[in-house]
Amino acid sequence: MIETGEVVEISRRGRVIRLSAEPIRDLRVLEPHPEYLVGDPDEIAEIDWSDEWQP
């Protein structure tokens, strides 16, 4: 994807995520969602989610 610039779409449970290597030029278009990350981001990054993943 990054090498080719191709957009990749992932669909799961009726929701679609689009991955693109194209940068967002204006960060003001992003909506804040402070309720989604509660706690220390470093601790969250270390969590092993492999038992929860069900593709």
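For clarity, every value in this text was computed on a predicted model and none was experimentally measured.

Conventions adopted
- Residues numbered from 1 in each chain as written.
- Predicted model: local features only at pLDDT ≥ 70, side-chain atom pairs only at ≥ 80, totals over all residues.
- Heavy atoms only, no water.
- Buried < 20%, exposed > 50% of the residue type's maximum accessible area, 1.4 Å probe, protein only.
- Helix = DSSP H or I, 4+ residues; strand = E, 2+ residues; numbered from the N terminus.
- Pairing = 2+ DSSP bridges.
- Phe/Tyr/Trp six-rings, centres within 6.5 Å; stacked < 30°, edge-to-face > 60°.
- Lys NZ or Arg CZ within 6 Å of the ring centre and 35° of its normal.
- Contact = heavy atoms within 4.5 Å.

Asker: What exactly am I supposed to notice about the pairing of strand β2 (residues 15-19) here?
Answerer: Two faces belong to every sheet, and in a regular strand the side chains alternate between them. Little of β2 is tucked away: zero of the five residues are buried. Note: strand β1 (residues 8-12) against β2, five bridges, orientation antiparallel. Within the sheet, the bridge partner assigned to I10 lies in β2 and is I17. Hairpin connection between β1 and β2: a loop of two residues separates the two successive antiparallel strands, and R13 in this loop has a positive phi of roughly 55°.

Asker: Please explain the packing of aromatic side chains as it appears in this structure.
Answerer: Applying the stated criterion across every chain yields a total of zero aromatic pairs. Here the guanidinium or amino end of R12 rests over the ring plane of W53, the centre of that ring lying 4.6 Å away.

Asker: What's the story with the environment of V16 in this structure? I'm lost.
Answerer: Tracing the backbone through its elements, the reader meets V16 in strand β2. Remark: the alpha-carbon pair of V16 and H33, spanning 17 residues in sequence, is separated by 18 Å. Those residues in contact with V16 that lie beyond four places of it in its chain are E9, I10 and S11.

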